[in-house]
Amino acid sequence: MVNENCYDVTKYSVGNPYEDVGAVINGIITDIKSRQAVSDLNDGGKPGAVIYIPPGDYRLATQVVIDVSYLKIVGSGHGFTSSSIRFNTPANELAHWREVWPGGSRILVDISPEAFDDEAAGAAFYVKRSGNPRLSSVEFADFCIDGLHFIDDGSGQNDAENTYKNGKTGIYVGSANDSFRITGMGLIYLEHGVTVHDADALAIDNNFIAECGNCIELKGMGQASRIANNFVGAGYKGHSIYAENYGGILVSSNNVFPRGSSSIYFSGVVRSSVTGNRFHSFYPGMLVFAANCCENLVSSNHFMRDSEPWAPMQKYDNGLDDLFGLLQIDGSNNSVIANHISESIDTQYIKPNAVKPVIINVVSGSGNYIANNHIVATTEIAQINDAPNSACFSTQVGALLSTTNLKALDVTTVLVQKRSVRNIVLDSGNDEQVEMDKTMNAFRGTPVPGR
Amino acid sequence: MVNENCYDVTKYSVGNPYEDVGAVINGIITDIKSRQAVSDLNDGGKPGAVIYIPPGDYRLATQVVIDVSYLKIVGSGHGFTSSSIRFNTPANELAHWREVWPGGSRILVDISPEAFDDEAAGAAFYVKRSGNPRLSSVEFADFCIDGLHFIDDGSGQNDAENTYKNGKTGIYVGSANDSFRITGMGLIYLEHGVTVHDADALAIDNNFIAECGNCIELKGMGQASRIANNFVGAGYKGHSIYAENYGGILVSSNNVFPRGSSSIYFSGVVRSSVTGNRFHSFYPGMLVFAANCCENLVSSNHFMRDSEPWAPMQKYDNGLDDLFGLLQIDGSNNSVIANHISESIDTQYIKPNAVKPVIINVVSGSGNYIANNHIVATTEIAQINDAPNSACFSTQVGALLSTTNLKALDVTTVLVQKRSVRNIVLDSGNDEQVEMDKTMNAFRGTPVPGR
Amino acid sequence: MVNENCYDVTKYSVGNPYEDVGAVINGIITDIKSRQAVSDLNDGGKPGAVIYIPPGDYRLATQVVIDVSYLKIVGSGHGFTSSSIRFNTPANELAHWREVWPGGSRILVDISPEAFDDEAAGAAFYVKRSGNPRLSSVEFADFCIDGLHFIDDGSGQNDAENTYKNGKTGIYVGSANDSFRITGMGLIYLEHGVTVHDADALAIDNNFIAECGNCIELKGMGQASRIANNFVGAGYKGHSIYAENYGGILVSSNNVFPRGSSSIYFSGVVRSSVTGNRFHSFYPGMLVFAANCCENLVSSNHFMRDSEPWAPMQKYDNGLDDLFGLLQIDGSNNSVIANHISESIDTQYIKPNAVKPVIINVVSGSGNYIANNHIVATTEIAQINDAPNSACFSTQVGALLSTTNLKALDVTTVLVQKRSVRNIVLDSGNDEQVEMDKTMNAFRGTPVPGR
């Protein structure tokens, strides 16, 4: 006999998990609450439970509502595959494909939110509880949440599967929470992957969250959380990693690939770290610190920006031009130290035409410390791309590997706007590459070979 | 039929896991040893076993003694919640709480060590074996060890639940060991969380070890271990991460929050790394290298120190004053590079009164290399805090986010004591902020804006 | 009844897993393919499966061939122990050992490849599929693959168990793949641990891959992958981490211990990161960038090189001399920032005799940025080592901890070869320690104490 706190969605007595796993899980949660009804029973009484999702395809028609602590939902496979490649492959090729959908322990999100403006309504998993204490230790691990399709966004592009819009969210946490873990998941084709409000000591680790409109969003306010070791890549409209009004976040060792309007977008975030990540993007604004972000550390990251090499996506971008800054900083007392930043673009793609692109743009604030960043700017020769749409992988890798025959591109490595003062810029570009009021800020230029 | 090497504590034939899971697990270990008795049987013979702890509350009255290799003990929930908030919440509020105890796969440690001076006696899990080889590959994963209560420490404070004393240890490894893993655990309200002697290639990853007197302690001597991606926060008397006489430790990507007498305390540790961590503390001495720590690297970390904002804990601290150094280094040839260090304290809390706080204090040794650290020191206006005790989260986050209206605080960014020579200090403070014998050491000051 | 997509090798109806777990797993894969035969069935149809390997000793006589996506193979124990210590321990000592083999969920690789030159033929797990799409989301987790013995290599050393040759590979991925995960594994005594061709978004995390000829090899071409939080240590002939023609790899927070001909060997790798690792080696060539590696970041790493302290291995090395460079860089626009590098060797071991060892050797390319590296070079007094062979641990730790009585060793901290120009070297050695054409490159020496 299986332990009463261990559930398997395929064996629970009520509901059909293949038709609506949401109803099954809600039934299980009701069962947990009825069995664990006393808040203090013999020094315990509410240990929660684990719900197992074996490998399989499970439709979710009913939103799961989690209002108990210590619930762990776990599968045996993150099941990611690229739906973006699949949906941009011609039907005649696709007919020969051996599989076309994600897999593993896979939730097929069938929720149709009536209005797109209520993100919570479109969530597959909605976590919220009022009263005290905050929910603690809810865990999601090792399964797949698949939004299935994007839908037409009314833009007239007639390109529904590339809109990154469908009103669906994978996991939405709507109230204050403590010590949650989201690990090993695969999230795909959702307008929002994971949205968490008011987190304390949240861990989002080792997930694969890609081909979502937005991937990870920390909202409200919160502290002391970690986003580490994830593969992340949002659509061209959204953010790969977003946070607002948080302190003490650690964003570490993530591999954030295109597209993503921004790889990292912080708004009012303070005293946080972005260290040891690898970022790759096709647009300016890879990292944005907005709304007075202060005392953050950006170090040991690798930033790489080049141009979209894959035909189906070349018509899209995030709308920012090359004067915006590959990194834009609004705020004070931040540290940007020991990063490598590569920008490699064909000059024909520079916007506005023929401007000198800005790499680090300090738009306001004071006391920022920008030191020992190595900025490599080159022009690549855009290749005529007549590869089939399905050849995304070889197209991308080929573009990434082409570092021969590059020529130096003239850029502003650091621009400090006039209203920003008392910043310190060291060894992050030579005298001609760094543009700022050198009487109001401190500067030491990178020595120039041969001078 | 379940495989004979897979055990479930709720299904083992002997003992009652809810009354004494320790006796059950010891019975299982005896069974493993009787079944796996031959050291070399057909190129194997002692594969060990896995013991599963389903979600639930399990009292542990008998210490578990592990003397076999390849034993994995695994649960389905780390179950952390803040007992510190709960025990500092008035009973009338608490009456409305939906749960008050940690959960998940939870061990309630009922061991009462007779004398507090024998840490091993108070351990819930005691791992030790004599002879050869060392124990290998013992693994603890994804369960909760809860010490339940702290007890009065005789200090007269009449504040038992905030003493961080109870003589209990979560996991105590007492003999040389190899390739152990402690991952995904939740440890809480223990005087010592994890104590490991003589480790080789130990991994302590992705755990939540907080509200313990001390969290992680590496003792004896050892090498090549990793403490990564943990949430850690000790009590005001103990260390969050402690190591002595180890070489080649990697402390990486941890989020170490208050309190903790020290976030990191190394004694005689060499050739080790502290990189990419986020540290937050309320006291000086956040990072201490004592007893001649040599050739270590401290880089890409974010250090943040402010004052205790939460009323119930404001009467406690670690006893160190602001001349001790936020980081104190005793040793040679260490590297402190590319860190961000924020200190924000109301001047009324500076000890001794009105001194200039020291951030990095090199107290002995030579050849240390301190470069490209950005030190941001500000005075915050301490807020009158009349929030209820349970409002720990909003109090803490509010304090952390308040970066507006800060004024610069005059600090010694680097102090090199007279007996320490041949150190190199670069771009870590200007000429007035760095105090040392500049004829006996090397110095390049951070350029000053406007000069 | 167990879910049909959940298999246990000890309960599958066909084959004997103890005699040939390979045949059993192949039978399971055949079953999966027959049950999941339709590529698009109700928006799904091929979710894959999980195969569980309980703790135990399982011989593998038949190679496992994986040609389905979303297959997860998982055990309950990585089971690593040092076979190297065991095979270098005298029989009379060994007779008293409590266990002599690795354990956990352990695969004993009995495959005997007829020719050593076909690595795929000697693989325990061979993953390959032709056609589209690429295989996705195959996962290996938490089990042990043990090659059992090395064999005589014809060198006349009569030291078979220390050759690191046996023609066996743990996991060999032979075709393009996406979103694979290899986590928590223990790999030992294999000539090749993990070899993956043409990976996209591959995660190799939290494994213990040691005492293998080579540990991790990324071949062909690929992108956006992560090698993080592993314990790795190859034999003296092979590489701990090798990659060729990849872009966007993140090698992060690994603890890479000896021996390993190289800790990291990159060939034609671009736009990748090596950050926050701890490397320990006994030979020059710890990190090699060969064949025009460009735009990579090496930061916040701790490099430690000393001499082999353990008697049984002192006769072996990687054949490189001290002019090769502890780090050798062939390529352009790389960044080497904020690393700590320790070299501590008895002068009698310097090769060629009495030369000045080179730490960072830039052999070709241009535009490399080498800044803020702290290089500590000392002579250690080699100790007469009469410890028994089994005392590997105490010998190693003792050597690592001995930082007292070290004397400064004169080294070339950075050497830029004549054909390499326009490099920038900052604060990584003083004027006498950095050897390059200072008219063709840019240089700022580390200030010298007392000058």
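Residues numbered from 1 in each chain as written. Chains lettered and ligands numbered in written order. Predicted model: local features only at pLDDT ≥ 70, side-chain atom pairs only at ≥ 80, totals over all residues. Heavy atoms only, no water.

K.L.:
Got a minute to help me understand the interface of chain C and chain A in this structure?
P.N.:
In many reports, interface size means the accessible area that the parts give up when they come together. Counting from both sides, the interface comprises 85 residues of chain C and, opposite them, 78 residues of chain A. In total, about 5,800 Å² of surface goes out of reach between chain C and chain A, with carbon and sulfur atoms giving 52% of it. Run the count over chain C and chain A and you get 4 salt bridges. For D43(C), the salt bridge goes to R59(A), with nearest N and O atoms at 2.8 Å. Linking chain C to chain A there are 39 residue pairs in polar contact (both at pLDDT 80 or more). By residue class, the composition of the side of chain C that touches chain A is 29 nonpolar, 39 polar and 17 charged. (Contact = heavy atoms within 4.5 Å. Buried area = accessible area lost by both parts, 1.4 Å probe. Salt bridge = Lys/Arg side-chain N within 4 Å of Asp/Glu carboxyl O. Polar contact = N/O pair within 3.5 Å; in protein donor to acceptor, adjacent residues only side chain to side chain. Nonpolar A, V, L, I, M, F, W, Y, C, P; charged D, E, K, R; others polar.)

K.L.:
Any chance you could explain the relation of the copies chain C and chain A here in plain terms?
P.N.:
Comparison of the two chain copies shows a relationship of rotation about an axis with a shift along it. For the pair chain C and chain A, the superposition axis carries a translation of 0.0 Å, the fit reaches an RMSD of 0.0 Å, and the rotation angle comes to 120°. What we have between these two chains is a three-fold relation. Here only 7% of the interface residues in chain C have copies in chain A that are interface residues too; the copies meet through unlike faces. (Least-squares fit on C-alpha atoms with pLDDT ≥ 70 in both.)

K.L.:
What should I look at first to understand the interface of chain C and chain B in this one?
P.N.:
In this assembly, 78 residues from chain C lie in contact with 85 residues from chain B. Here chain C meets chain B over a buried area of about 5,900 Å², counting both sides, of which 52% is carbon and sulfur. It is R98(C), E99(C) and F393(C) in chain C that bury the most area against chain B; as a group they hold 13% of the surface buried on that side. The tally of links from chain C across to chain B stands at 4 salt bridges. E99(C) is paired through a salt bridge with R129(B); the nearest N and O atoms lie 2.9 Å apart.

K.L.:
Even after reading the chapter, I still don't get the packing of aromatic side chains, so can you show me in this structure?
P.N.:
One pair of aromatic rings is described through two measures. These are the centre distance and the angle between the planes. Under the definition given, this model contains 54 aromatic pairs over all chains. An aromatic cluster is defined as three or more aromatic residues linked by ring pairs; in this entry it consists of F87(A), W101(A), F150(A), Y164(A), Y189(A), Y236(A) and Y316(A). Here the guanidinium or amino end of R226(A) rests over the ring plane of F231(B), the centre of that ring lying 4.7 Å away. Its end group placed over the ring of F443(B), K438(B) keeps NZ or CZ at 4.4 Å from the ring centre. (Phe/Tyr/Trp six-rings, centres within 6.5 Å; stacked < 30°, edge-to-face > 60°. Lys NZ or Arg CZ within 6 Å of the ring centre and 35° of its normal.)

By themselves, these figures tell us nothing about what the structure is for.
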